[in-house]
Amino acid sequence: MGIVTNTFPDVIVASCVFYLGQTLWRRIQTDGLPGEENTELRSHFHSLIALAFVPKNNVVHAFDILQENVMDELNPIFDYLEDNYVMGRRRGREYVIRKVQDNREGLELNGLHLLLVYADDVNMLEENPQTIRENTRILLEASKVIGLEVNPEKTKYMIMSRDKNIVRNGNIKIGNLSFEEVEKFKYLGATVTNINDTREEIKHRINMENAYYYSVEKLLSSSLLSKNLKVRIYKTVILPVVLYDCETWTLTLREEHRLRVFQNKVFYALTSNNNEDAY
């Protein structure tokens, strides 16, 4: 993998075609198909492997064409490839989400029981621990049906409340799995706390902005660049690090002041002039 990415830096490595071939060939052997002796079967097998070289947007269409002419003995192999590689991850995730939603218990958003899903991450927002337990149990069972597993090491549980006297239930145990209760965790690059406090996140963002600023300090202090160009670099390269996900922040006057003070400090260092001239 490292050689590929070094040679072709613009290529996104999604999976290993060698591993795909091994997996499919093991399926053929497990199903007792005469792979070594059957020339037609080997030809179909190589066609399946060739799907790895088809443009991403055309994979499903190419797979359907192959499936129309497949020999009957290979139907289980095609079903396996479709479920686990071609469209299985999307279908499987939709199946799990639908099962949890069908329970119709828990927090409603606009009259619907929704799960927040991004890529392979699933977030359940509920009003009480009992509903979390039940919906998590359904999610575990539905995932098992389609051959997926929930990673207990990466799955966290948190009670969010500004009431410091609220009773914390500790870890949640469902079956043989235990899910850790945490006071904070990082999700999509942002730190979420159990009291919905943004102070720690803002402090972390300012520290990150400091690091980004000093990494390009020589460029921003260069006499070859105009003040306006330096400010544009700051707004394009550094400022987004601080403001990422800021739409979800609930700022107090003190936190807003900290952000303004730091920004003014940076603008002063960039321009050595009145801030208004930099905008």
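Quick caveat, the model's predicted, so the values are computed rather than measured.

J.: Teacher, can you tell me more about the pairing of strand S6 (residues 184-187) here?
T.: The side chains of a regular strand alternate, first on one face of the sheet and then on the other. Both S6 and strand S7 (residues 190-193) contribute to a ladder of 4 bridges, which runs antiparallel. Within S7, the position partnered with tyrosine 187 by the bridge is alanine 190. Counting the residues in the hairpin turn of S6 and S7 gives 2 residues, including leucine 188, whose phi is positive at 55°.

J.: Help me understand the pattern of salt bridges in this model?
T.: Close approach of charged atoms allows side chains of opposite charge to pair. For the structure on display, the rule yields 6 salt bridges. Across the pair lysine 156 and glutamate 180 runs a salt bridge, and its minimum N-O distance is 2.9 Å. On the criterion of sequence distance, the pair formed by lysine 156 in strand S3 (residues 156-157) and glutamate 180 in strand S5 (residues 177-181) is long-range, its members being 24 residues apart. For lysine 156, a relative accessible area of 36% puts it in the partly exposed group. In this structure, arginine 260 and glutamate 256 form a salt bridge, with 3.4 Å as the shortest nitrogen-oxygen distance.

J.: Would you take a moment to explain the nonpolar core for this structure?
T.: One broad rule of soluble globular proteins: the nonpolar side chains tend to lie buried together. Membership of the largest hydrophobic core comes to 18 residues, with the highest contact counts inside it found for Leu24, Ile28, Leu48, Leu74 and Leu81. Residues Tyr213, Tyr234, Trp249 and Leu270 belong to the second largest nonpolar core, which totals 16 residues.

J.: It is not clear to me how the confidence of the model for the protein should be interpreted in this structure. Could you clarify?
T.: Interpreting fine coordinate detail is not advised for predicted regions of low pLDDT. Scored by pLDDT, the protein comes out at a mean of 76, with 80% of its residues at no less than 70. Per-element confidence in the protein ranges from a low mean pLDDT of 62 for helix H1 (residues 2-7) to a high of 86 for S5. The low-confidence segment residues 273-279 (pLDDT under 50) makes 13 contacts with residues lying over four places distant or belonging to another chain.

J.: What is the right way to look at the packing of helix H2 (residues 17-30) against helix H3 (residues 39-49) in this model?
T.: Two packed helices can be described by the angle between their axes and the distance between those axes. Closest axis-to-axis distance for the H2/H3 pair is 10 Å, and the angle between their directions is 145°. Where H2 crosses over H3, the handedness of that crossing is right-handed. Judged by residue contacts, Val17, Leu20, Gly21, Leu24, Trp25 and Ile28 of H2 engage Leu41, Arg42, Phe45, Leu48 and Ile49 from H3. Taken together, the residues that form the contact of H2 with H3 break down as 9 nonpolar, 1 polar and 1 charged.

Conventions adopted
Residues numbered from 1 in each chain as written. Predicted model: local features only at pLDDT ≥ 70, side-chain atom pairs only at ≥ 80, totals over all residues. Heavy atoms only, no water. Pairing = 2+ DSSP bridges. Helix = DSSP H or I, 4+ residues; strand = E, 2+ residues; numbered from the N terminus. Salt bridge = Lys/Arg side-chain N within 4 Å of Asp/Glu carboxyl O. Buried < 20%, exposed > 50% of the residue type's maximum accessible area, 1.4 Å probe, protein only. Core = buried A, V, L, I, M, F, W, Y, C linked by side-chain atoms within 4.5 Å. pLDDT = per-residue confidence, 0-100. Contact = heavy atoms within 4.5 Å. Axes fitted to C-alpha atoms, helices over the stretch in contact; angles between N-to-C directions. Left-handed = near helix turned anticlockwise from the far one by under 90°. Nonpolar A, V, L, I, M, F, W, Y, C, P; charged D, E, K, R; others polar.

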